[in-house]
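Understanding the architecture of this molecule
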Amino acid sequence: MEKKVIANLKVQIPAGKATPAPPVGPALAQHGINISEFCQKFNDATKSQEGFTIPVEIIVYEDRTYDFKIKQPLTSELLKKAAGIEKGSGEQKKEKAGKIKRSQLREIAKRKLPDLNTQDLEKATKIIEGQAKSMGLEIEE
């Protein structure tokens with residue numbers, strides 16, 4: 001028999017740095033989840049990705065057990081790292097924040113493919129390219 005899902009939580013947590021503080025603690029506490037156990041499991045699973053913010057989906061069941069699914073780091077963070085910049089442009093039409101190669105966009109698209117609403121790498125690359133442009137990144141061939 002399947003367990004009854006009582007909550008489906010989505011939070012973004014720095015890789016390897018989950019703590020009982022917000023956003024983790026309050027989100028889990030209201031469902032009776034062992035927060036320190038979750039933090040330990042999340043930190044162990046994401047320590048190799050430190051420096052990135054990781055979206056995580058936490059499924060809470062009626063018996064107070066849970067499963068969680070770790071997604072790929074935020075696209076904006078992957079783009080900033082690839083372009084070697086700290087932040088995007090505030091005025092992307094007037095001011096470019098940096099440059100990124102099309103091959104780098106493709107690599108980010110491959111990495112993000114499981115989290116996107118397509119299974120086609122070319123379409124995924126276009127999605128990533130759109131975000132790069134919105135951040136003020138210039139695309140190089």
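Description of the structure in this document. All values derive from a computational prediction rather than experimental measurement. (Residues numbered from 1 in each chain as written. Predicted model: local features only at pLDDT ≥ 70, side-chain atom pairs only at ≥ 80, totals over all residues. Heavy atoms only, no water.)

Take the overall build of the chain next. Looking only at helices and strands, one finds five helices and five strands in the chain. In the chain, the succession of α and β elements from N to C terminus is β-α-α-β-β-α-β-α-α-β. Taking all 141 residues of the chain together, 40% fall into the buried category. The long-range share in the chain, meaning contacts at least 24 apart out of those at least 6 apart in sequence, stands at 61%. Total accessible area on the chain is roughly 8600 Å²; 48% of this is exposed by carbon and sulfur atoms. Put simply, the chain has 25 plus and 20 minus side-chain charges, and the middle of one group is 3 Å from the middle of the other. (Helix = DSSP H or I, 4+ residues; strand = E, 2+ residues; numbered from the N terminus. Buried < 20%, exposed > 50% of the residue type's maximum accessible area, 1.4 Å probe, protein only. Contact = heavy atoms within 4.5 Å. Areas by Shrake-Rupley, 256 points an atom, 1.4 Å probe, with all protein chains shown as cover. Lys, Arg positive; Asp, Glu negative; His and termini not counted. Charge placed at Lys NZ, Arg CZ, Asp CG, Glu CD.)

Another point: the nonpolar core. Of all hydrophobic cores here, the largest spans 36 residues; its most connected members are Ile13, Leu28, Phe38, Ile58 and Leu79. Secondary structure elements with two or more residues in this core: β1 (5–14), α1 (24–29), α2 (35–46), β2 (53–61), α3 (75–83), α4 (102–112), α5 (121–134) and β5 (137–140). (Core = buried A, V, L, I, M, F, W, Y, C linked by side-chain atoms within 4.5 Å.)

Strand order in the open sheet formed by three strands is β1-β2-β3, with antiparallel pairing between adjacent strands. Two strands bound the open sheet, and with one partner strand each, they are β1 and β3 (66–70). On average, each strand axis in the sheet is inclined to that of its neighbour by 20°, with strand direction left out of account. Examined bridge by bridge, β2 and β3 share five bridges and lie antiparallel to one another. Of the residues in β3, the one forming a bridge with Ile58 is Phe68. (Pairing = 2+ DSSP bridges. Axes fitted to C-alpha atoms, helices over the stretch in contact; angles between N-to-C directions.)

Okay, the packing of aromatic side chains next. The tally for this structure, following the rule as stated, stands at four aromatic pairs. When the centroid spacing of 5.1 Å and the interplanar angle of 75° are considered together, the rings of Phe38 and Phe68 count as edge-to-face. Within this pair, whereas Phe38 is found in helix α2, its partner Phe68 is found in strand β3, the two being separated by 30 residues in sequence. We classify Phe38 as buried; its relative accessible area is 0%. Residues Tyr66 and Phe68 carry aromatic rings whose centres are separated by 6.4 Å and whose planes lie at 25° to one another, so their mutual orientation is stacked. Judged by relative accessible area, which is 12%, Tyr66 ranks as buried. Taking the ring centre of Tyr61 as reference, the NZ or CZ of Lys3 above it sits at 5.1 Å. (Phe/Tyr/Trp six-rings, centres within 6.5 Å; stacked < 30°, edge-to-face > 60°. Lys NZ or Arg CZ within 6 Å of the ring centre and 35° of its normal.)

Before going further, it helps to examine the side chain of His31. Tracing the sequence through the fold places His31 in the loop between α1 and α2. His31 has contacts with Ile6, Ala7, Leu9, Val60 and Arg64, leaving out every residue within four places of it along the chain.

Let us now look at α4. Taken as a whole, α4 has its buried residues at Leu105, Ile108, Ala109 and Lys112. All buried residues of α4 fall inside an arc of 105° around its axis, so they share one side. Its buried side turned inward, α4 meets α3, β4 (98–101), α5 and β5. (Arc of directions from axis to C-beta.)

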